[in-house]
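# Descriptive structure summary
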Amino acid sequence: MAAKKTWFQTTAIDYPNSRPHIGTAFEKLGADVQARYRRMEGYDVFFLMGNDENTVKVSKRAAELCLDTQAYCDDMARQFREVWDALDISYDTFVQTSSERHKQCCRKFIQKVYDNGHIEKGSYEGWYCEGCEEFKSEKDHKENAGNCPVHRTPLLRRNEPCYFFKLSTFSERLLKYYEENPDFIQPEIRKNEIVSLIKTEGLRDIPISRRNQTWGIQFPFDPEFTIYVWFDALLTYITGIGYGDDEATFRKWWPADTHFIGKDITRFHCALWPAMLWAAGEEPPKKVFAHGFVYLKLPEKVGDKGAGELVKIGKTTLKELGLEYLAEPMEIIKKFSAEAFRYFFLRECPYPGDGDFSPERFVDVYNSELANNLGNLLSRCLTLITKNYGGTLDSTAGWKPMWIDELDPQIQEALKASGGQYNRITWINELSKHIENCSYSVALFTIMNSLLTKSNQYIETNAPWKLVKTDKEAAKKVLFNAVQSLRIASILLKPFIPRSAEAIYTSFNFPKPWAEVQYADAAELLAQPDDLRVTAALDEGGKVKPLFPRIG
RNA sequence: CGCGGCGUGGAGCAGUCCGGUUAGCUCGCCAGGCUCAUAACCUGGAGGUCGUAGGUUCAAAUCCUACCGCCGCAACCA
C-alpha cells in the first residue's frame, strides 16, 4: 500500500512580550484552513506553531512584571494557546523555544554549521545604550538625534566580538534555487522583492551571537555567547519535528511543505533560512507563503481607546456590542463566535494581500453572508421540511440529487454552450486551486455567490411553500434539491468554518460520515440511501434555532 | 532618484498583463414582490467624464509620458 502523502506546515512563531492580536490570529487562521483542507484531502498533516522566547525583550518584560522569565514564558504560552484553541486552530504541536529539547537540538545544529565552516568570529560595531544594555538600530540612532529612544541619553559607538553566519556566500545559490523552484516564494510579488533585494543590495554576513546574556541558548563551542534571535527562532521548524533528537520523525516531515509567515519577515525565511539549512547539510523548505497584514480601521481619528463609545453600528455603540478592545481576538470570539471571527477574516481580508478590520464591515459581512444567506437558507429548508413533511421526505431513498446550477434553465444553456467544458467538477477544482493558492477570500466569495445565493433564488422561484398545497410531490423534489446545496456548501466550507459546516451537514441524514467527506464529494452526487430527513435538534415549539443569529 | 503597492458610482473590490459588446461584483440606499425563513428571501432602480494632464490608436479603465494624492516595507512589529 502506498504511504499516505505527508504535509508539514508551520506558522511563524510569536514573541510573547504581548498578547496575540487580530494580526497574529490572521496568520494562524490562514494556516489552519490549509491544514484542515489537506487533512480532508487525505494528507497526513503535521501543523507546527510556537512562541519565540529567547529574546532580550521577553526577559525584560518578565523583569518589569517581577516574574521569573521561564514562568512568564510558560504563562504567555498558555495564553497564546488559549486563543488558538478558542479559534479552533488545529495545530499538532506548539514549540516553546525555551524548552530543553529545542535548546539541545539548536546547539547540535549550530555546531554542525560551525564545523562546516559557515560561522566565523568577527566584531560587531553599532550604537549601544548603556541603560538598555543593547545595541540600537541605525534608524533609532537617526530618528532620535543620536540618543536612546528610551533613556534619552547619547548612544555610544561600541565594538564587541561577535560570531557571524557567512550568509553572503549563499547569494548565487539562493538565486538559482528561486529560479529552479518558481513556487518557492509565494505570492509572486514577494519573490520579486527578494530577488531584487539580493541582486541590488546583496546579502551581508549576519551577526548571530550576543554576549553576556543570561537568558537564551549558549553556543556549544563558546558558552560566553548566546544565539541571536533568528538563528534560534527559525530552527523551531525542525526541532519541533525531532531534528537532532528523533531522526525518523524528522525525516518523515522535512522538508516543510509550507511556512506561513508575515510579509515583513520574508527575507529571513527565503534567504537566511535556506542558507542555514544548506550550511548544516539539510534541504530547504518547499514553499514559503508570505501573507498580508490586517489593519484596524476606525473612522476618523478615534484611535484604539475610546472607540467603544464613539463608533456606532446602527444605533448601538461598539461598547454596547461588547467590542471595546478591537485588537483583542478573545473579545470578538466571546461576543460572537470563533466561526464568525474565522469567516470574517478569511472572507474579507485577502490572505496574499492586506485587508482591513472595521467593526462596521464585520457586522455587514456577518449579517449578509452568514446570517441572511447561509444561515437563513438552512432555516427555511429545515422549517419547510419539518412543517410540511413531518421532518422526513418520504420515499426519497434512491433519489439522485441535482446540482442547483443544472436546474437553472439559463445556466443549462451556458453549460451546453461551453460544450461540457465547464461543469460542477471544474467548479470544485477551481475552488481547490484557490485554497491551495491560499486565495481564501476568493474561494469563500465563490461559494457564497455561485452556490448559496443561487440556492435561495431557486427556492424563491419554485416557492415550495405554495407548491406544497397543490403538488406535494413536486414541492418535495424542490426541497430535496435545495438541501443538496447545503450538503455541498457544508463540505466546501469545512476548512473555513468547521463547526458550522458540521452543524449544517449533520442537520440531515446524508450518507457519508462527516469525518470522511472530501472536496470531491461535493461534486459527486450520490443517491440518498434512506429517505432524506431532518436530524437537527429543534426547539421545544418545533422552531429552528438560527445558526448565525443576526447582529444588531 | 532606497524598494513596493494603490487611486474605478456612498463604502469595499474585479477588470489593466494580451486595447474593442450597454465598465462588472459585494455591501449600503430607493421602489415593488413574497411570506417558508433570522425585519430574513426575490425582482427592479438610482448612482461612475475608471486620480489629473497630455500622447499613441479607427477605438483607452486597459498601452506610453509627466504630475498629484494615499499607504506599506527598509534587516527583532504577523
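Predicted model only: the values in this text are computed from it and were never measured.

Calculation notes
- Residues numbered from 1 in each chain as written.
- Chains lettered and ligands numbered in written order.
- Predicted model: local features only at pLDDT ≥ 70, side-chain atom pairs only at ≥ 80, totals over all residues.
- Heavy atoms only, no water.
- Helix = DSSP H or I, 4+ residues; strand = E, 2+ residues; numbered from the N terminus.
- Polar contact = N/O pair within 3.5 Å; in protein donor to acceptor, adjacent residues only side chain to side chain.
- Contact = heavy atoms within 4.5 Å.
- Expected span 1.5 Å × (residues − 1).
- Bend = angle between axes of the 7 residues up to and from the residue.
- Axes fitted to C-alpha atoms, helices over the stretch in contact; angles between N-to-C directions.
- Parallel < 35°, antiparallel > 145°, perpendicular 65-115°, else oblique.
- Left-handed = near helix turned anticlockwise from the far one by under 90°.
- Nonpolar A, V, L, I, M, F, W, Y, C, P; charged D, E, K, R; others polar.
- Near = heavy atom within 4 Å.
- Pairing = 2+ DSSP bridges.

## A short note on the side chain of S171
The residue S171 is located in helix α6 (residues 171–180) in this model. Polar contacts involving the side chain of S171 include one to the main-chain carbonyl oxygen of S168, which spans 3.4 Å. Residues within four places of S171 in sequence aside, it is in contact with I198 and L203.

## Details of helix α20 (residues 440–462)
Between its first and last C-alpha, α20 extends 32 Å over 23 residues, near the 33 Å set by a 1.5 Å rise per residue. When the local axis directions of α20 are compared, the greatest deviation, roughly 25°, occurs at M448. Directly after α20, the chain includes A463, whose backbone phi takes a positive value near 35°.

## Comments concerning the packing of helix α16 (residues 359–389) against α20
In helix packing, the relevant descriptors are the interaxial angle and the interaxial distance, both defined with respect to the helix axes. Their axes nearest at 10 Å, the elements α16 and α20 cross at an angle of 45°. As far as their axial angle goes, α20 and α16 are oblique. As α16 runs across α20, the sense of the crossing is left-handed. On the side of α16, the interface is formed by E369, N372, N373, L374, L377, R380 and C381, while α20 contributes M448, L452, T453, S455, N456, I459 and E460. Of the residues belonging to the contact of α16 with α20, the class tally is 6 nonpolar, 5 polar and 3 charged.

## What to know about the protein's contact with RNA strand B
In the vicinity of RNA strand B, 52 residues are found, and the nearest of them are Y228, G262, F268, N376 and R380. Taken together, the sugar and phosphate atoms account for 64% of what RNA strand B places within 4 Å of the protein. A distance of 2.5 Å separates a sugar or linking oxygen of RNA strand B from a polar side-chain atom of N376. Put simply, the parts of the chain that give the surface near RNA strand B at least two residues each are α1 (22–40), α7 (188–200), β12 (258–262), α11 (266–279), β14 (294–296), α16, α20 and α21 (464–470). For the surface near RNA strand B, the class distribution of residues is 18 nonpolar, 15 polar and 19 charged.

## A word on the sheet that holds strand β11 (residues 222–227)
The 3 strands lie next to each other as β9-β11-β10, forming an open sheet whose pairing is antiparallel. Looking at the sheet topology across the chains shown, the edges are occupied by β9 (209–211) and β10 (218–219). Relative to β11, β9 runs antiparallel, the two sharing 3 bridges. Counterpart to S209 in the pairing with β11 is I227.

## Description of the packing of α6 against α7
At a closest axis distance of 11 Å, the pairing of α6 and α7 adopts a crossing angle of 155°. Here α6 lies roughly antiparallel to α7, going by the angle between them. α6 and α7 meet at a crossing whose hand is left-handed. Listed contacts from α7 to S171, L174, L175 and Y178 of α6 are K191, I194, V195, I198 and K199. For the contact of α6 with α7, the residue count by class is 6 nonpolar, 1 polar and 2 charged.

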